[in-house]
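# Working through the structure, step by step
If you want the building blocks of each chain, they are given just below.
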Amino acid sequence: MTTLSPAHPVRHRPRRSYSAIPGETPGSPPWRALKSLILLICVVLVLLPFLAIISTSLADTGQVTRAGGYVLWPDNPSWSAYSALLSGGLVSKAMLVSVGITVAGTALSLVCSIMLAYGLSRPGSFGHRPVLLMLLMTMLFAPGVIPSYLMVKQLGLINSYWSLILPTMINAFNVIVLRSFFMSIPKELLDSARIDGASETTILTRIVLPLSKAAVAVIGLFYAVTYWNAFFNALLYINDASKWPMQLVLRTYVVNNAALSGGQVDVAAGAPLPPAQSLQAAILVLSIVPIVIVYPFLQRHMNKGVMVGAVKG
């Protein structure tokens, strides 16, 4: 009996191993285990300072004294440091000031940056090239501290909350990113809206902005973090301690290690004052909580908004 061999013999292809990263092959199990161990060590090193700060803010006087400063895990957690700070008036007022400046400043910055970026993204707009050149010049030649102070003083903004918003209301880099994103929107889409009789304001609010949610969210996060973390303008322009934002309080009583007086913290009658380390750690925790709460809601837009706005155009 004759067996016919196939005209094209079947070749067994070598089995491929796939990687999570395109174009890369996974390493050997020991190498992957080593990389996982290194990553775990990095995560622990990043989380340990946060754990120490939170634990110290909740620790009592005896445990802080025994630990010689910072505590990794509180034996008897207590909210006395937070209660004393928020009841004293200084930190609670500073929190309200920082929240108000961040919300108002971010809103104004977004409105002005969006309008400026949209105007610069239209090549035929009035004063397109001179305004764009002026904007780029501000990225190369920043004003000094003394000219900025003299300008703010001349405008009568010393000891005013507007001095914390107006000098930094428009960031040239953020405007350039938004402009690049707006220029990536198909021109035919905007032209069709103009043919239908839509004004530039209608095009911006009903077509451009809905398509630019990712970029606007990322730029809004940039502005919010900038306003929340700013302390230098408050150090220059705010003379009244009752108008200090949270970051200036943080710098004064944590970085400079200034002592909190009895009028700035409030404790129950007969209760001991929380240790200085716990009060400083509590101020630090309160200063980062708002951004930690807001960031997860905008993080999903981060990669798309920054990459598309920075690469296209």
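Nothing here was measured: the structure is a model prediction, and the numbers come from that model.

The next subject is the overall build of the protein chain. Of regular secondary structure, the protein chain possesses 14 helices and zero strands. Walking the protein chain from its N terminus toward its C terminus, one meets helices and strands in the order α-α-α-α-α-α-α-α-α-α-α-α-α-α. In the protein chain, which comprises 313 residues, the share counted as buried stands at 34%. Taking all contacts inside the protein chain whose residues are at least 6 apart in sequence as the whole, residues at least 24 apart take part in 73%. Roughly 19800 Å² of accessible area belongs to the protein chain as shown, and the carbon and sulfur atoms make up 67% of that amount.

Here we take up the environment of Thr106. If you trace the backbone, Thr106 turns up in helix H4 (residues 90-121). For Thr106 and Val225, which are 119 residues apart along the polypeptide, the C-alpha to C-alpha distance reads 9.2 Å. Apart from the residues lying within four places of it in its own chain, the contact partners of Thr106 are Ile101, Gly220, Tyr223, Ala224 and Tyr227. Side-chain polar atoms of Thr106 contact the backbone oxygen of Thr102, separated by 2.6 Å.

Phi at Asn159 takes a positive value of approximately 65°, unusual for a residue other than glycine. Inspection of the secondary structure assignment puts Asn159 in the loop between helix H6 (145-154) and helix H7 (172-183). Take Asn159: its relative accessible area is 22%, and that puts it in the partly exposed class.

With that out of the way, let us pick up the packing of helix H3 (residues 80-88) against H4. For the pair H3 and H4, the least separation of the axes is 4 Å and the interaxial angle reads 70°. Judged by the angle between their axes, H3 and H4 are roughly perpendicular. Residues Leu85, Leu86 and Gly88 of H3 lie in contact with H4, whose contacting residues are Leu90, Val91 and Ser92. Residues belonging to the contact of H3 with H4 are distributed by class as follows: four nonpolar, two polar and no charged.

The next thing to look at is the pattern of salt bridges. Within the structure shown, the criterion is met by two salt bridges. Note that Arg194 is salt-bridged to Asp191, the shortest N-O span being 3.0 Å. Pair noted here: Arg194 and Asp191 are both in helix H8 (residues 187-195), with a separation of three residues, about one helical turn. Judged by relative accessible area, Asp191 falls into the partly exposed class, the value being 29%. Between Glu200 and Arg194 there is a salt bridge; the shortest N-O distance is 2.8 Å. Take Glu200: its relative accessible area is 36%, and that puts it in the partly exposed class. Looking at Arg194, the relative accessible area reads 30%, which means it is partly exposed. Three or more residues joined by partner-sharing salt bridges are found here, namely Asp191, Arg194 and Glu200.

Take the nonpolar core next. Counting residues in hydrophobic clusters, the biggest one holds 54 residues, and the most contacted among them are Val91, Leu178, Phe182, Val208, Met246, Val249 and Ile283. Sort the elements by how many residues they give to this core and H4 lands first, with 11 residues.

Okay, the side chain of Ser163 next. With respect to the element layout, Ser163 can be found in the loop between H6 and H7. At 2.5 Å, the side chain of Ser163 forms a polar contact with the backbone oxygen of Ser160. Once residues within four sequence positions are removed from consideration, Ser163 is found in contact with Val152, Leu157, Asn233, Tyr237 and Ile238.

Our next topic: the side chain of Asn174. Residue placement: Asn174 occurs in helix H7. Excluding its chain neighbours within four sequence positions, the residues that come into contact with Asn174 are Ile219, Phe222 and Tyr223.

Scoring rules and cut-offs
- Residues numbered from 1 in each chain as written.
- Predicted model: local features only at pLDDT ≥ 70, side-chain atom pairs only at ≥ 80, totals over all residues.
- Heavy atoms only, no water.
- Helix = DSSP H or I, 4+ residues; strand = E, 2+ residues; numbered from the N terminus.
- Buried < 20%, exposed > 50% of the residue type's maximum accessible area, 1.4 Å probe, protein only.
- Contact = heavy atoms within 4.5 Å.
- Areas by Shrake-Rupley, 256 points an atom, 1.4 Å probe, with all protein chains shown as cover.
- Polar contact = N/O pair within 3.5 Å; in protein donor to acceptor, adjacent residues only side chain to side chain.
- Axes fitted to C-alpha atoms, helices over the stretch in contact; angles between N-to-C directions.
- Parallel < 35°, antiparallel > 145°, perpendicular 65-115°, else oblique.
- Nonpolar A, V, L, I, M, F, W, Y, C, P; charged D, E, K, R; others polar.
- Salt bridge = Lys/Arg side-chain N within 4 Å of Asp/Glu carboxyl O.
- Core = buried A, V, L, I, M, F, W, Y, C linked by side-chain atoms within 4.5 Å.

These figures come from the coordinates and say nothing about function on their own.
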